[in-house]
Amino acid sequence: MALFSSLTPVFIAIICVLIGVILKKTNGEKEKHETKSKPLSHPWVDEDLKDGTDHHLEEEEADEEWQGLDENVAHVPFSAERYSEAEMIKRSQMFYELLNKRRSVRFLSDEPVPREVIDNVIRTAGTSPSGAHTEPWTFVVVQDPYLKHKIREIVEEEEEINYKKRMGDRWVNDLKRLRTNWIKEYLDTAPYLILIFKQVYGRLPNGKKKTHYYNEISVSIACGILLAALQNAGLYTVTSTPLNCGPQLRALLQRPANEKLLLLLPVGYPKKDATMPALTRKPLEDIMVVM
């Protein structure tokens, strides 16, 4: 009896430990389940800017018929220009020096720009490769002062919310050194605004949806070519991704539901008193790996 009495505290302690372990495990699994079921909150993420490459068509639409493209595309001989090694080096160096002068300019003049130049740079962007040659891009050129101002109103209203609530302190602090904010005067002053929409799917002649493969990557490549074409023409811009403005701008510009706003480019000449951040670019050895 005395032995049992002496062991009772030990048994109680063991039982308490076991109960504690069981409760901890149960709570841990509950927290894990809650974490798994509740997605991480990223309030600054724009639905239009999410990658659209995973857009799936309804099964019956995808399987009902082929995409409606020509079954047999004619192949023709390819003729390529071939340069000497010296000419290749010279041309590549000149093109690098041209593009190395490209800067994001937020102070744009209202000086007119020839419309033909805008047509040509967008034609150039349209030479971009695309998944299955679907060419999933729409370039909306806005020159009407009323529309430009409405775009500015929409962008500034949403951008103020972005800066104050959605983006978070880290992002806002990272932008302070560049002296950016939600005021976008260049949306009024630039002679042209180019809004680039990605078509997340297309339409067949019968109205069925048509898959646009790699639409996000394809349109992004086209945007890069457009930036190079603008620089080559002596025009300047700032790449703008107006968060949470897509639906309103799509409605304003009467674009269909399959188009999502990817980029907004104000295009023109810099103001005479324009300034820019004194930034440097990474050296070649920091961006290239040779195996």
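All figures in this text were calculated on a predicted structure; none of them were measured in a lab. (Residues numbered from 1 in each chain as written. Predicted model: local features only at pLDDT ≥ 70, side-chain atom pairs only at ≥ 80, totals over all residues. Heavy atoms only, no water.)

### Considerations on the confidence of the model for the protein
Phase 1: Averaged over all residues, the pLDDT of the protein is 83; the fraction at 70 or higher stands at 75%.
Phase 2: The low-confidence segment residues 32-41, where pLDDT is below 50, has zero contacts with residues more than four positions distant or belonging to other chains.
Phase 3: Across residues 57-64 the pLDDT falls below 50, and counting only partners more than four positions away or on other chains, this stretch makes nine contacts in the model. (pLDDT = per-residue confidence, 0-100. Contact = heavy atoms within 4.5 Å.)

### Details of the side chain of Ser109
Phase 1: On the secondary structure map, Ser109 appears in the loop between α3 (85-100) and α4 (115-125).
Phase 2: From its side chain, Ser109 meets the backbone nitrogen of Glu111 in a polar contact 2.9 Å long.
Phase 3: If we skip the residues at most four places from it in the chain, Ser109 touches Thr189, Ala190, Pro191, Tyr269, Pro270 and Lys271. (Helix = DSSP H or I, 4+ residues; strand = E, 2+ residues; numbered from the N terminus. Polar contact = N/O pair within 3.5 Å; in protein donor to acceptor, adjacent residues only side chain to side chain.)

### Brief notes about the pairing of strand β5 (residues 259-267)
Phase 1: For β5, the tally of buried residues reaches eight of nine residues, placing the bulk of the element in the interior.
Phase 2: Bridge analysis of strand β2 (residues 192-199) against β5 gives eight bridges, and the strand direction is antiparallel. Bridging from a neighbouring strand, Leu193 pairs with Pro266 of β5. (Buried < 20%, exposed > 50% of the residue type's maximum accessible area, 1.4 Å probe, protein only. Pairing = 2+ DSSP bridges.)

### What to know about α4
Phase 1: Among all positions of α4, only Ile118, Val121, Ile122 and Ala125 are buried. Viewed end-on, α4 has its buried residues packed into an arc of 100 degrees, placing them on one side of the element. Of the residues in α4, the exposed ones pointing more than 90 degrees away from the buried face are Glu116 and Arg123.
Phase 2: Packing partners of the buried residues in α4 comprise β1 (137-142), β2, α8 (215-232) and β5. (Arc of directions from axis to C-beta.)

### Focus: the pairing of β2
Phase 1: Along β2, eight of the eight residues are buried, which leaves the element largely enclosed by surrounding structure.
Phase 2: A two-sided burial pattern is seen for β2, the buried positions comprising Tyr192, Ile194, Ile196 and Lys198 on one face and Leu193, Leu195, Phe197 and Gln199 on the other.
Phase 3: Here β1 pairs with β2 via six bridges, running antiparallel. For Thr138, the partnering residue across the bridge sits in β2 and is Phe197.

### Notes on the pattern of salt bridges
Phase 1: Counted by the stated rule, this structure contains seven salt bridges.
Phase 2: Measuring nitrogen to oxygen at the nearest pair gives 2.8 Å for the salt bridge that ties Arg152 to Glu156. With a gap of four residues between them, Arg152 and Glu156 both fall in helix α5 (residues 145-166), about one helical turn apart. Just as Arg152 is buried, Glu156 falls in that class too. (Salt bridge = Lys/Arg side-chain N within 4 Å of Asp/Glu carboxyl O.)

### Examining the packing of aromatic side chains
Phase 1: Tallying each qualifying case throughout the model produces zero aromatic pairs.
Phase 2: Directly above the aromatic system of Tyr201 lies the positively charged group of Lys209, at a separation of 4.6 Å from the ring centroid. (Phe/Tyr/Trp six-rings, centres within 6.5 Å; stacked < 30°, edge-to-face > 60°. Lys NZ or Arg CZ within 6 Å of the ring centre and 35° of its normal.)

### Some thoughts on the sheet that holds β1
Phase 1: In spatial order, the strands read β1-β2-β5; together these three strands make up an open sheet with antiparallel pairing. Looking at the sheet topology across the chains shown, the edges are occupied by β1 and β5. Averaged over all pairs of adjacent strands, the angle between strand axes in this sheet comes to 20 degrees, irrespective of strand direction. (Axes fitted to C-alpha atoms, helices over the stretch in contact; angles between N-to-C directions.)

### A few points about a nonpolar patch on the surface
Phase 1: Nonpolar side chains collect at one region of the surface, where Tyr213, Tyr214, Ile217 and Ile221 lie side by side and expose about 400 Å² of accessible area between them.
Phase 2: As for its placement among the helices and strands, Ile217 is situated in helix α8. (Patch = residues over 30% accessible without salt bridge, like charges linked within 9 Å, V, L, I, M, F, W, Y side chains within 5 Å. Areas by Shrake-Rupley, 256 points an atom, 1.4 Å probe, with all protein chains shown as cover.)

### Quick notes on α5
Residues separated by three or four positions in an α-helix point in the same direction, a consequence of the helix having 3.6 residues per turn.
Phase 1: With 22 residues, α5 extends 29 Å between its outermost C-alpha atoms, agreeing within 8% with the 32 Å of an ideal straight helix rising 1.5 Å per residue.
Phase 2: Its side-chain oxygen at 3.1 Å from the backbone nitrogen of Tyr146, Asp144 defines the N-terminal cap of α5.
Phase 3: Once α5 ends, the next one or two residues include Gly168, with phi positive near 90 degrees. (Expected span 1.5 Å × (residues − 1).)

### Brief notes about the environment of Val142
Phase 1: Here Val142 lies in strand β1.
Phase 2: The spacing of Val142 and Leu193 is 51 residues in sequence and 5.0 Å in space, taken between C-alpha atoms.

### Comments concerning the nonpolar core
Phase 1: Counting residues in hydrophobic clusters, the biggest one holds 22 residues, and the most contacted among them are Ile118, Phe139, Ile194, Ile196, Leu226, Leu265 and Val267.
Phase 2: If you list the elements that add at least two residues to this core, you get α4, β1, β2, α8 and β5.
Phase 3: The greatest single-element share of this core, amounting to seven residues, is contributed by α8.
Phase 4: Counting 19 residues, the second largest nonpolar core, distinct from the first, contains Tyr186, Leu187, Leu249 and Leu253. (Core = buried A, V, L, I, M, F, W, Y, C linked by side-chain atoms within 4.5 Å.)

### Remarks on unusual backbone geometry
If a residue is not glycine, its phi is most likely negative; likewise, a peptide bond is most likely trans.
Phase 1: Positive phi is not limited to glycine here, since His133 has a value of about 55 degrees.
Phase 2: Considering the arrangement of structural elements, one finds His133 in the loop between α4 and β1.
Phase 3: For His133, a relative accessible area of 58% puts it in the exposed group.
Phase 4: The phi dihedral of Gln254 falls on the positive side, at around 55 degrees, and the residue is not glycine.
Phase 5: Residue placement: Gln254 occurs in the loop between α9 (246-252) and β5.

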